[in-house]
Amino acid sequence: MTILLVGLGAALGAILRYQLTRIGNHVASEFPLMTFLINLTGSFCLGWLTASQLSQPVMLFLGVGVLGGYTTFSTLNSELSQLWFRRRYHIFFGYWLLTYGLGLLVAAAGFYAGL
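Position numbers for residues start from 1 in each chain and track the written sequence from start to end. Whole-chain, interface and lining totals are the exception, using all residues; otherwise, since this is a predicted model, local features are given only for residues with pLDDT of at least 70 and side-chain atom pairs are given and counted only at 80 or more. Note: side-chain values were computed over all heavy atoms of the structure, leaving out hydrogens and water.

**Overview of the packing of aromatic side chains**
For step 1, the next point in the chain: For Phe, Tyr and Trp, rings pair up if their centres lie within 6.5 Å, where Trp contributes its six-membered ring, and each pair is then called stacked (planes under 30 degrees apart), edge-to-face (over 60) or tilted (otherwise). By the definition in use, this model includes 8 aromatic pairs.
For step 2, the next point in the chain: Cluster of aromatic residues (ring-pair linked, three or more members): Trp84, Tyr89, Phe92 and Phe93.

**Here we look at helix H2 (residues 33–52)**
For step 1, the next point in the chain: In this text, helices come from DSSP runs of H or I with a minimum length of four residues, and strands from runs of E with a minimum of two, each type numbered from the N-terminal end. Given the number of residues in a helix, its expected span is that number minus one, multiplied by 1.5 Å. With 20 residues, H2 extends 29 Å from end C-alpha to end C-alpha; this agrees with the ideal 28 Å at 1.5 Å per step.
For step 2, the next point in the chain: Between buried and exposed lies partly exposed: a residue is buried under 20% and exposed over 50% of the maximum accessible area for its type, with that area taken using a 1.4 Å probe on protein chains only. All of the buried residues in H2 are Met34, Thr35, Phe36, Ile38, Asn39, Leu40, Gly42, Gly47, Leu49 and Ala51.
For step 3, the next point in the chain: Phi for Gln53, located one or two positions after H2, is positive at around 50 degrees.

**Let's talk about the environment of Leu37**
For step 1, the next point in the chain: Within the secondary structure, Leu37 sits in helix H2.
For step 2, the next point in the chain: Distance from Leu37 to Thr99, taken between C-alpha atoms, is 8.8 Å for residues 62 residues apart in sequence.

Note that all results are geometric; they support no functional claim without further evidence.
Laid out in structure tokens, this is it:
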């Protein structure tokens, strides 16, 4: 049952991420805005879920599954690598610092919102 909960949640999260990325592809920018926004909203939601102390099956479905499929560490690092190799260092460092710095802040905000 655990595998089914996580797998179904991950599929839903990945579909949501894909649809949002498709919508956001119309924004012409070197800054990977959609991945940035997806990861920040995912951080907030995971912080909120953590503080909410939901049952284990709900956490597995929403936290591990949906938000695990929704957020994307691999895409973040792929985009960072591309920026580095294209020598877009100012965008690289801005993206890296904003993602991790704001990610921690919004996760904390989500946690406090869930208390």
